Amino acid sequence: MKKLLFIGAGKMATAIAGGLVRAKLFTPGELQAYDVSETAAAEFTKATGAACAIQDCAALARDAERVLLAVKPQTMTAALAGLSEVLATKPVITIIAGVPIARIAELTGSRQVIRVMPNTPALIGKGAAGIAASPETTPEELALAEKIFGSVGTVMRVEERNLDAVTALSGSGPAYVFEFIQALADGGVASGLSRAVATELAVQTVIGSAEMVKATKLHPTVLKDQVTSPGGTTIRALEVLEDRAFAGAVIQAVRAACLRSEELGRN
């Protein structure tokens, strides 16, 4: 397999590259990266074993078979300046948040553009990503991109128009879960537990509950009912959550994030 070039060598790029090496999809010698930051370049190489340069991105791009864009939206134009002639013949994968396929195609000249929305748990190999591609993308390139992001988590193929919803659900979703874990632990502390015990129990409860949904493939409502005894503690707690519109608040939070993602994509 020929070289994959990461343009941008930050934490997400490093996590993806590390996942590729661990999964043996690429060897370190088949991966290259470019970043303007010496610190990021050094950390990328230390974590992955792959080379990362801070000069002559065009030369690296010419040597690569495909490119993965992992820069921030505000630095995207500068990072891709002068590269369109080189990138026009190569498949381009982008994880640049909020930037549509058409814009990436415009900047790179590539007709094979694959857009991916990963999330931060990819940093520990537990990510959730949505993926969409331009019509010209070959099935082989799309399948490879799915393998790349599958090395650091779960990948779901969606229409590009649904990537804003992916951003709102799984992209921003870890923040909602962290907020819930904090609130759950706070409830334990308020009820007399130490902070350390409450936090550990809250974390493991969320992990275990999520794994039950995944392992049993039962609807969350069915699993919820299995916990809820008539007249017991759980139904009393659920009554409070219902009174405070817990489910509605979460739904509206995801919708608000989706609308904001759509706004950013138009700018």
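Look up a bit, the structure's there.
The residue count restarts for each chain, going from 1 along the sequence in the order it is written. Reporting in this predicted model follows two pLDDT cut-offs: at least 70 for local features of residues, and 80 or more for side-chain atom pairs to be given and counted; totals over whole chains, interfaces and linings ignore these cut-offs and use all residues. Hydrogen atoms and water are omitted, and side-chain values are computed over all heavy atoms in the structure.

**Brief notes about the overall build of the protein**
Selection rule: Helical segments are the DSSP runs of H or I of at least four residues, strand segments are the runs of E of at least two, and each set is numbered from the N terminus. Here the term buried applies to any residue with accessible area under 20% of the maximum for its type, exposed to any over 50%, and partly exposed to those in between, with areas from a 1.4 Å probe on protein chains only. Contact definition: two residues touch when any of their heavy atoms are within 4.5 Å. Positive residues here are Lys and Arg, negative ones are Asp and Glu, while His and the chain termini are left out of the count. Charge positions come from single atoms, namely NZ of Lys, CZ of Arg, CG of Asp or CD of Glu.
Looking only at helices and strands, the protein has 13 helices and eight strands in total. Based on the C-alpha atoms only, the size of the protein along its principal axes is roughly 70 × 35 × 30 Å. Buried positions account for 37% of the 267 residues belonging to the protein. A fraction of 61% describes how many contacts in the protein between residues 6 or more apart in sequence connect residues 24 or more apart. For the protein, the separation between the mean place of its 26 positive charges and that of its 26 negative charges on side chains is 3 Å.

**Notes on helix H8 (residues 163-171)**
Within the span of H8, buried status applies to Leu 163, Asp 164, Val 166, Thr 167, Ala 168 and Ser 170. Buried positions along H8 lie against strand E6 (113-117), strand E7 (127-133), helix H9 (173-190) and helix H13 (246-266).

**A closer look at the packing of H9 against helix H10 (residues 195-216)**
Note the following rule: Axis angles are defined between N-to-C directions and span 0 to 180 degrees, where every axis is a line fitted to C-alpha atoms and, for a helix, only to the segment in contact. The scheme is simple: roughly parallel for angles under 35 degrees, roughly antiparallel for over 145, roughly perpendicular for 65 to 115, oblique for anything else. Handedness of a crossing follows from how the near helix is turned relative to the far one, being left-handed for an anticlockwise turn of less than a right angle and right-handed for a clockwise one. Polar here means any residue other than Ala, Val, Leu, Ile, Met, Phe, Trp, Tyr, Cys and Pro, which are nonpolar, and Asp, Glu, Lys and Arg, which are charged; Gly is therefore polar.
Following both chains from N to C, one finds H9 and H10 inclined at 135 degrees, their axes separated by 8 Å at the closest point. Considering the angle they form, H9 stands oblique to H10. Here H9 and H10 pass one another in a crossing that is right-handed. Facing H9, whose interface residues are Val 177, Phe 180, Ile 181, Gln 182, Leu 184, Ala 185, Asp 186, Gly 188 and Val 189, H10 presents Arg 195, Ala 198, Thr 199, Ala 202, Val 203 and Val 206. Taken together, the residues of the contact of H9 with H10 sort by class into ten nonpolar, three polar and two charged.

**Some details on the side chain of Glu 141**
Counting through the fold element by element, Glu 141 comes out in helix H7 (residues 139-150). With a relative accessible area of 12%, Glu 141 lands in the buried category. Leaving out residues up to four positions away in the same chain, Glu 141 has contacts with Glu 65, Arg 66, Pro 91, Gln 112 and Ile 114.

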